[in-house]
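Here are the chains, one letter per residue:
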Amino acid sequence: AQSVSQHNHHVILSEAASLELGCNYSYGGTVNLFWYVQYPGQHLQLLLKYFSGDPLVKGIKGFEAEFIKSKFSFNLRKPSVQWSDTAEYFCAVKGYQAGTALIFGKGTTLSVSS
Amino acid sequence: GAVVSQHPSRVICKSGTSVKIECRSLDFQATTMFWYRQFPKQSLMLMATSNEGSKATYEQGVEKDKFLINHASLTLSTLTVTSAHPEDSSFYICSARDLQGDYNEQFFGPGTRLTVL
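A few points on the structure. Fair warning: this is a prediction, and the values are worked out from it, not measured in the lab. (Residues numbered from 1 in each chain as written. Chains lettered and ligands numbered in written order. Predicted model: local features only at pLDDT ≥ 70, side-chain atom pairs only at ≥ 80, totals over all residues. Heavy atoms only, no water.)

All names here are of chain A. What the rule picks out here adds up to 14 aromatic pairs over all chains. Aromatic pair Tyr50 and Phe67: ring centres 4.7 Å apart, planes at 35°, arrangement tilted. In this pair, Tyr50 is assigned in strand 6 (residues 45–50) and Phe67 in strand 8 (residues 64–68), connecting sequence segments 17 residues apart. This pair shows no difference in class: Tyr50 is buried, exactly as Phe67 is. (Phe/Tyr/Trp six-rings, centres within 6.5 Å; stacked < 30°, edge-to-face > 60°. Helix = DSSP H or I, 4+ residues; strand = E, 2+ residues; numbered from the N terminus. Buried < 20%, exposed > 50% of the residue type's maximum accessible area, 1.4 Å probe, protein only.)

Let's shift gears to the sheet that holds strand 7 (residues 67–73) of chain B. All names here are of chain B. Reading across from one edge, 1-3-8-7 is the order of the four strands in this open sheet, with antiparallel pairing throughout. Either end of the sheet is taken by a strand with one partner, and the two such strands are strand 1 (4–7) and strand 7. Along the sheet, successive strands turn relative to each other by an average axial angle of 15°, direction set aside. Examined bridge by bridge, strand 1 and strand 3 (residues 19–25) share four bridges and lie antiparallel to one another. From the neighbouring strand, Ser5 faces strand 3, where its bridge partner is Arg24. (Pairing = 2+ DSSP bridges. Axes fitted to C-alpha atoms, helices over the stretch in contact; angles between N-to-C directions.)

Under the definition given, this model contains two disulfides over all chains. The disulfide partner of Cys23 of chain A is Cys91 of chain A, and the gap between their sulfur atoms is 1.9 Å. Its S-S torsion of about -65° marks the bond between Cys23 of chain A and Cys91 of chain A as left-handed, since a negative value means left-handed. Residue Cys23 of chain A is located in the loop between strand 3 (19–21) and strand 4 (24–26), and its partner Cys91 of chain A is located in strand 10 (residues 87–95); the two are separated by 68 residues in the primary sequence. Here Cys23 of chain B pairs with Cys94 of chain B through a disulfide, and the sulfurs are 2.0 Å apart. Where Cys23 of chain B bonds to Cys94 of chain B through sulfur, the torsion about that S-S bond is close to 80°, and the disulfide is right-handed. (Disulfide = S-S within 2.5 Å.)

The next point concerns the interface of chain A and chain B. Between chain A and chain B, the contact holds 23 residues from the first and 17 residues from the second. Among the residues of chain A in contact with chain B, Leu44, Phe104 and Lys106 of chain A are the three that bury the most area, contributing 25% of the side total. Taken together, the links from chain A to chain B amount to one salt bridge. A salt bridge links Glu105 of chain B to Lys49 of chain A, with the nearest nitrogen and oxygen atoms 2.9 Å apart. Inspection of the region where chain A meets chain B yields one residue pair in polar contact (both at pLDDT 80 or more). For the side of chain A that touches chain B, the secondary structure elements donating two or more residues are strand 5 (31–38), strand 6, strand 10 and strand 11 (102–104) of chain A. For the side of chain A that touches chain B, the residue count by class is 11 nonpolar, nine polar and three charged. (Contact = heavy atoms within 4.5 Å. Buried area = accessible area lost by both parts, 1.4 Å probe. Salt bridge = Lys/Arg side-chain N within 4 Å of Asp/Glu carboxyl O. Polar contact = N/O pair within 3.5 Å; in protein donor to acceptor, adjacent residues only side chain to side chain. Nonpolar A, V, L, I, M, F, W, Y, C, P; charged D, E, K, R; others polar.)

Residues and elements named next belong to chain B. Along the chain, Thr49 turns up in strand 5 (residues 44–51). For Thr49, a relative accessible area of 14% puts it in the buried group. When neighbours within four sequence positions are excluded, Thr49 is seen to be in contact with Thr32, Met33, Phe34, Ala56 and Thr57.

Have a look at this one:
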């Protein structure tokens, strides 16, 4: 069955700490991978996406993610978090074909203290 | 950027009544919109795919007679929760795909919090 697993339910960091959020997926076939962020009281926004090419993808606000095909992983990283990064983070996978649905992980809550 | 709105943002209704939620793409046309449901501390679960001018495609386990979807124009899709019960209380989120944009990218609305008493 197709699924996305986010290992960390709640991560608490101090400002300037480094961040890595784990994401593993189970999906047969070629996939597109996404990380979305939901700030408190706001809608989901796309952080970054991987379709093909360089497995290290850079997104907005200093975030990056690395696609490791052999591990079925797409972990999100940021070298130095800020208080404003406090939010809910969702990893999602979609099949390559048009019309396939986005499958989301359960999300990771990141709390950054100043 | 592409903006999707939802109305209302929050609704409280009595058990047995019907509630309509609107999803609009404000600055782009969307032939395809998606409806998700999110429980607390859970992931977004796709309920149905709404296609302009045709019937919606429902995911397995989602009652099509319970959750009526209408996509009458390129900028509006509606979800009607019929004969709502307390177990229908949830956060409903829509997303839309830009007709002119990347078919792999979806833009999300802010969500609608439904509480059924």
